[in-house]
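What follows is the residue order along each chain.
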Amino acid sequence: MGNQTIKIKYFTDKIEKLTYINGNKSNWIDLRAAEDISLKSGEFKLIPLGVAMELPKGYEAHVVPRSSTFKNFGIIQTNHMGVIDGAYCGDNDQWFMPVYAVRDTQIHVNDRICQFRIMENQPKIVFAEVTHLENEDRGGVGSTGKN
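In this report, the structure presented in the accompanying data block is examined. (Residues numbered from 1 in each chain as written. Predicted model: local features only at pLDDT ≥ 70, side-chain atom pairs only at ≥ 80, totals over all residues. Heavy atoms only, no water.)

What about the overall build of the chain?
Now for step 1: Across its full length, the chain holds one helix and eleven strands.
Now for step 2: Taken from the N to the C terminus, the helices and strands of the chain come in the order β-β-β-β-β-β-α-β-β-β-β-β.
Now for step 3: Relative to a compact globule of 147 residues, whose C-alpha radius of gyration would be 15 Å, the chain shows 19 Å and is clearly more extended.
Now for step 4: Along the three orthogonal principal directions, the C-alpha set of the chain runs to about 55 × 40 × 30 Å. (Helix = DSSP H or I, 4+ residues; strand = E, 2+ residues; numbered from the N terminus. Rg over C-alpha atoms; globule rule 2.2 N^0.38 Å.)

See the structure below:
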């Protein structure tokens, strides 16, 4: 994949602009809370991320928590991984992170709470039904590492 251009609209000037960090540290891009959020244990909230984007043609975005999100904020992303398809690209199509709080928590504007990367859309798939797959069985679910 060569360089790709993503058009981005910001809904607030209170968050840092997105940047791509080249190198081997990570090729995920951090996203930030666009408003102050207070959550009680057991509450659900769509946290606004303050951006809308037009992804390159043929791409989708995958949004996941940062590795420190649960430790720092006590929240779980309720869909575990958000998929933003290329058609979600209008002026009002702000990105959100749906979260569930497992403890009382405070999230502040500009806190890094999740990250995203873009991936090529899945190619067209055709399913061919068979009665036998002709490969060696691995032993079923949970069999790796058993002696």
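A few points about the layout of surface pockets
Now for step 1: The volume enclosed by the second largest pocket comes to roughly 350 Å³.
Now for step 2: As for the second largest pocket, its lining consists of 16 residues, and the residues nearest its centre are I21, W28, D30, R66 and R112.
Now for step 3: The residue inventory of the lining of the second largest pocket, partitioned by class, reads five nonpolar, four polar and seven charged. (1 Å grid on protein atoms, 1.4 Å probe; cavity = no way out; pocket = protein on both sides within 12 Å on 5 of 7 lines; lining within 4 Å. Points joined across faces, edges and corners; volume = space filled by probe spheres on them. Nonpolar A, V, L, I, M, F, W, Y, C, P; charged D, E, K, R; others polar.)

Here we look at the sheet that holds strand 7 (residues 75-77)
Now for step 1: Taken together, three strands build an open sheet; the order of strands is 4-9-7 and the sheet is antiparallel. A single partner strand is all that each edge strand has here, and the edge strands are strand 4 (44-48) and strand 7. Taken over all neighbouring pairs, the strand axes of this sheet differ in orientation by 40° on average, direction set aside.
Now for step 2: Where strand 4 and strand 9 (residues 96-101) come together, five bridges link them in antiparallel fashion. Bridge pairing in strand 9 places F44 opposite Y100. (Pairing = 2+ DSSP bridges. Axes fitted to C-alpha atoms, helices over the stretch in contact; angles between N-to-C directions.)

Quick notes on the environment of M97
Now for step 1: The residue M97 is located in strand 9 in this model.
Now for step 2: Counting along the chain gives 50 residues from M97 to I47, while the straight-line C-alpha distance between them is 5.1 Å.
Now for step 3: Sequence-distant contacts of M97, that is, excluding residues within four places in its chain, are made with K45, L46, I47, L49, P65, T69, Q77, I113 and C114. (Contact = heavy atoms within 4.5 Å.)

Some remarks on a nonpolar patch on the surface
Now for step 1: A surface patch of nonpolar side chains, about 710 Å² in accessible area, is lined by F44, L46, F70, I76, Y88, F96, Y100 and V102.
Now for step 2: Elements supplying a minimum of two residues to the nonpolar patch: strand 4 and strand 9.
Now for step 3: With respect to the helices and strands, Y100 occurs in strand 9.
Now for step 4: A relative accessible area of 38% means that Y100 is categorised as partly exposed. (Patch = residues over 30% accessible without salt bridge, like charges linked within 9 Å, V, L, I, M, F, W, Y side chains within 5 Å. Areas by Shrake-Rupley, 256 points an atom, 1.4 Å probe, with all protein chains shown as cover. Salt bridge = Lys/Arg side-chain N within 4 Å of Asp/Glu carboxyl O. Buried < 20%, exposed > 50% of the residue type's maximum accessible area, 1.4 Å probe, protein only.)

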